[in-house]
Amino acid sequence: MTDFHILLLPILLLKTFMTYTTGRNFTVGLLIPYTTPVTSSADLFGIRYAPASLLALENINNSTHLLPGHHLSLVWNDTKCDRNLALKALIYQIYEKRVDAVIGPACHCEVGARLANVENIPMISYVSGVIQIFYCTGFPAK
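Naming follows an unreviewed UniProt entry, where the chain appears as Receptor ligand binding region domain-containing protein of Porites lobata.

Rendered as structure tokens:
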């Protein structure tokens, strides 16, 4: 999956649930481990995905086909692959920045997924391998 497609997934999700009014601004939260200590090549994905996300957002906003008449904004936080930092950043994004959807967190998403579910915020974790979330166990669709 390309970096563009990672940001495109929540956009399509937003497009599915949004009311078709003109001129709506959607804020997408990105929780990414940008400054994770590098122990393998897999740990570098935050450094790659952050700039790719900004570029994808620009491409989506400039497209006349994806969300015509709407605008996307991105709020991102470095989670450093830390559970507590990721949860704190998610709380900030939901309650202060009022995000419409969340991409991430990458490393630990169990608690954050429950918070997003309670607040009815779509969340796509692009890397997490938590099996309960994969099978939607305990995360009913609203």
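Caption draft 1: Structural detail: the overall build of the chain. Secondary structure assignment for the chain yields five helices and four strands. Listing each helix as α and each strand as β along the chain from the N terminus yields α-β-α-β-α-β-α-β-α. Burial status across the chain gives 40% buried among its 142 residues. For the chain, the exposed area adds up to about 8,100 Å²; of that, 59% sits on carbon and sulfur atoms.

Caption draft 2: Just the pairing of strand β1 (residues 25-32), in detail. Most of β1 sits inside the fold, with seven of its eight residues counted as buried. Looking at chain direction, β1 and strand β2 (residues 71-78) are connected through eight bridges and run parallel. In the strand pairing of β2, Asn25 is matched with His71. Inspection of the sheet shows β1 paired to strand β3 (residues 101-103) by three bridges, in the parallel sense. If you follow Val28 over to β3, its bridge partner there is Ala101.

Caption draft 3: How the structure looks around unusual backbone geometry. Of the consecutive residues Gly104 and Pro105, the connecting peptide bond is found in the cis state with omega at -5°. Tracing the backbone shows Pro105 in the loop between β3 and α4 (110-118). Non-glycine residue Cys81 carries a positive phi angle of around 60°. By the secondary structure assignment, Cys81 is in the loop between β2 and α3 (83-96). Residue Cys81 is classed as partly exposed on the basis of its relative accessible area, which comes to 28%.

Caption draft 4: Highlighting α3. With 14 residues, α3 should cover 20 Å at 1.5 Å per step; its first-to-last C-alpha distance of 19 Å lies within 8% of that length. Of all the residues in α3, the buried ones are Ala86, Ala89, Leu90, Gln93 and Ile94. Seen along its axis, α3 keeps its buried residues to an arc of 130°; they face one direction. Away from its buried face by more than 90 degrees, α3 exposes Asn84, Lys88 and Glu96. Residues of α3 that are buried make contact with β1, β2, β3, α4 and β4 (123-124). Following α3 by one or two positions, Arg98 has its phi on the positive side, about 55°.

Analysis parameters
- Residues numbered from 1 in each chain as written.
- Predicted model: local features only at pLDDT ≥ 70, side-chain atom pairs only at ≥ 80, totals over all residues.
- Heavy atoms only, no water.
- Helix = DSSP H or I, 4+ residues; strand = E, 2+ residues; numbered from the N terminus.
- Buried < 20%, exposed > 50% of the residue type's maximum accessible area, 1.4 Å probe, protein only.
- Areas by Shrake-Rupley, 256 points an atom, 1.4 Å probe, with all protein chains shown as cover.
- Pairing = 2+ DSSP bridges.
- Expected span 1.5 Å × (residues − 1).
- Arc of directions from axis to C-beta.
- Contact = heavy atoms within 4.5 Å.

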